[in-house]
Amino acid sequence: MTITTSSEANGNVSAATARAAAAAAAVAETPSRRESTAPQSVTMAKALNTAMADAMRDDPSVLVFGEDVGRLGGVFRITDGLMDTFGEQRCFDTPLAESGIVGMAVGMAMNGMRPVIEMQFDAFAYPAFEQIVSHVAKMHNRTRGALKLPMVIRVPYAGGIGGVEHHCDSSESYYAHTAGLKVFTPATVADGYRLLREAIDSDDPVMFMEPKKLYWSKDQVDLDALAAEHAANRAAGNSSEGRAAVARSGTDATLIAYGPSVPTALAAAAAAAEEGRSLEVIDVRTIVPFDDETVSASVRKTGRAVVIAEAHGFASVASEIVARVQERCFHHLAAPIRRVTGFDVPYPAPKLEHYYLPSVDRILDAVDELQWEN
């Protein structure tokens, strides 16, 4: 199947019109939706793969490309089977040139397509950083709204897999600091599906940060129910953007985490419960846009907070969360907000990784220091 969208999508023909034309031309060749499933044990990798497959079925302008994402299915097998299902023109391999991958995606997005590209590993994205900051983030503003860039940059990120140098890093702060980019990071299997579908639907560019160590996490999920939920939310104009989740309710203190740190925060809350403390856990879900309302409501209720992230603590997303909570909850705080983050050193070698990453013990130590004595 060949999909051609005219460069006139930037002029006389809108991007939406170009996408509609592509859909009409391809409808006879679009694979049918999978058979209905019941709730079953699903990995995040499977949820992400299904999200891309469903998006490609629903919209022929959605393309997937990057290094080894085609025949191999990606180094983490997140794109497994997409080339076989949708053909080499909609899921294909690229040269090992991240700047070129992003630059090509920019051109496609400007001309009515919805590219979903993979950076393979977090630190591999740095050669494309100039493209992301100078073009992806600024095109809509530069053209006074005339051009949108509906593209998703998938970045497997953070630690927990014993990766060597350049294969484990926490780069979310770079993107969160860059105006014009949305930054999503799922912590659950269901959110892997939900957030990736919404990222692909977005008319704004999304940095989709995928926690590598959670690719093999499992949960009981009904993928068809998630697909139906997505369709209903899209029709109603509802979105998960800027909506944090209360992952565990509590009354004594709030643990604020995102992506790979959420399971660690939940484990710390469970351990604290055995010691008689009730900790609430907030899953940020989307770093940009950020849900001040849910986070602040929790901290106002508990009066204490610990922010948890794998990235370096200095000038980080964790720093921004602390600042936002302090500004909004100052008169409700019973103690200064603490942070449990990676240390301000280059990402360590695999054998030292467990010292670097936030742990249950480090979180509980921070909780113990929240001035519990009057």
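Quick caveat, the model's predicted, so the values are computed rather than measured. (Residues numbered from 1 in each chain as written. Predicted model: local features only at pLDDT ≥ 70, side-chain atom pairs only at ≥ 80, totals over all residues. Heavy atoms only, no water.)

Trainee: Where do I start with the overall build of the protein chain in this structure?
Mentor: Check the secondary structure of the protein chain and you find 14 helices and 14 strands. Across the protein chain, contacts joining residues at least 24 apart in sequence account for 81% of those joining residues at least 6 apart. For the protein chain, the accessible surface area stands at approximately 15,900 Å², while carbon and sulfur atoms represent 52% of it. (Helix = DSSP H or I, 4+ residues; strand = E, 2+ residues; numbered from the N terminus. Contact = heavy atoms within 4.5 Å. Areas by Shrake-Rupley, 256 points an atom, 1.4 Å probe, with all protein chains shown as cover.)

Trainee: Just to check I follow, could you spell out the environment of Val306 for this structure?
Mentor: Secondary-structure assignment places Val306 in strand E13 (residues 305–312). Residues Val306 and Val340, spaced 34 residues apart in sequence, show a C-alpha to C-alpha distance of 7.1 Å. Excluding residues that lie within four positions of it along the chain, Val306 makes contacts with Thr254, Leu255, Ile256, Arg338, Val340, Ala366, Val367 and Leu370.

Trainee: I'm lost on the packing of aromatic side chains in this one. Help?
Mentor: To describe a pair of aromatic rings, you give the distance between the ring centres and the angle between the ring planes. Evaluation of the coordinates by the stated rule reveals 11 aromatic pairs. A ring pair is formed by Phe121 and Phe124, whose centres lie 5.2 Å apart and whose planes are at 65°; its orientation type is edge-to-face. A centroid spacing of 6.4 Å and a plane angle of 75° characterise the contact between Phe343 and Tyr356, whose relative ring orientation is edge-to-face. Taken as a pair, Phe343 in the loop between strand E14 (338–342) and helix H13 (353–356) and Tyr356 in helix H13 lie far apart in primary sequence, 13 residues in all. On the basis of relative accessibility, which here comes to 3%, the residue Tyr356 falls in the buried class. Put simply, the rings of Phe76, Phe121, Phe124, Tyr215 and Trp216 pair up and form one aromatic cluster. Sitting over the face of the ring of Trp372, Arg277 holds its NZ or CZ atom 4.4 Å from the ring centroid. Above the face of the Trp372 ring, Arg304 is positioned so that its terminal group lies 4.2 Å from the ring centre. (Phe/Tyr/Trp six-rings, centres within 6.5 Å; stacked < 30°, edge-to-face > 60°. Buried < 20%, exposed > 50% of the residue type's maximum accessible area, 1.4 Å probe, protein only. Lys NZ or Arg CZ within 6 Å of the ring centre and 35° of its normal.)

Trainee: What am I meant to see in the nonpolar core here?
Mentor: In summary, soluble globular proteins display a tendency toward joint burial of nonpolar side chains. Ranked by internal contacts, the top residues of the largest apolar core, which has 49 residues, are Val102, Ile117, Met119, Met151, Ile153, Met207 and Ile256. Listing elements by their share of this core, those giving two or more residues are strand E2 (62–66), helix H4 (98–110), helix H5 (129–136), strand E5 (152–157), strand E7 (206–211), helix H11 (292–302), E13 and helix H12 (317–329). Sequence-distant contacts of Val102, that is, excluding residues within four places in its chain, are made with Ile117, Met119, Ala128, Gln131, Ile132, Val136, Met151 and Ile153. Judged by nonpolar contacts, the second largest core, of 38 residues, contains Ala53, Met83, Phe121 and Phe208. (Core = buried A, V, L, I, M, F, W, Y, C linked by side-chain atoms within 4.5 Å.)

Trainee: I would appreciate a short explanation of the sheet that holds strand E12 (residues 286–288) in the present structure.
Mentor: For sheets, the rule is that strands pair by backbone hydrogen bonds, running either parallel or antiparallel. Pairing is mixed in the open sheet, where seven strands are placed in the order E3-E2-E4-E5-E7-E6-E12. With one partner strand each, in any of the chains shown, strand E3 (91–93) and E12 form the two edges of the open sheet. Along the sheet, successive strands turn relative to each other by an average axial angle of 20°, direction set aside. Taken together, the two bridges between strand E6 (residues 182–184) and E12 define a ladder with antiparallel strand orientation. (Pairing = 2+ DSSP bridges. Axes fitted to C-alpha atoms, helices over the stretch in contact; angles between N-to-C directions.)

Trainee: For this particular structure, what's the right way to read empty space enclosed by the protein?
Mentor: Taking a probe equal in size to a water molecule and rolling it over the atoms shows the remaining empty space. All told, the structure shown has two cavities of 30 Å³ or more when counted by the stated rule. Taken as a whole, the largest cavity holds about 60 Å³ of empty space. In terms of lining, the largest cavity is formed by 10 residues, of which the most central are Ala55, Asp59, Val62, Asp201 and Arg234. Those elements that provide at least two residues to the lining of the largest cavity are helix H2 (44–58) and helix H8 (189–201). In terms of residue count, H8 provides more of the lining of the largest cavity than any other element does, three residues in total. Its residues assigned to classes, the lining of the largest cavity comprises three nonpolar, no polar and seven charged. Its volume calculated, the second largest cavity comes out at about 50 Å³. Around the second largest cavity, the lining residues are Tyr193, Arg194, Glu198, Leu226, Glu229, His230, Asn233 and Ser240. Within the residue set of the lining of the second largest cavity, elements represented by two or more residues are H8 and helix H9 (223–236). Examining the composition of the lining of the second largest cavity, we find that four residues originate from one element, H9, more than from any other. Here the residues of the lining of the second largest cavity sort into two nonpolar, three polar and three charged. (1 Å grid on protein atoms, 1.4 Å probe; cavity = no way out; pocket = protein on both sides within 12 Å on 5 of 7 lines; lining within 4 Å. Points joined across faces, edges and corners; volume = space filled by probe spheres on them. Nonpolar A, V, L, I, M, F, W, Y, C, P; charged D, E, K, R; others polar.)

Trainee: What should I look at first to understand the sheet that holds strand E9 (residues 245–248) in this one?
Mentor: In space, the five strands of this open sheet follow the order E9-E11-E10-E13-E14, with mixed pairing throughout. Looking along the sheet, the strands with just one partner apiece sit at the ends: E9 and E14. Going across the sheet, the axis of each strand differs from the next one's by a mean of 25°, ignoring polarity. Bridge analysis of E9 against strand E11 (residues 279–283) gives three bridges, and the strand direction is antiparallel. Looking across to E11, one finds that Ala245 is bridged to Asp283.

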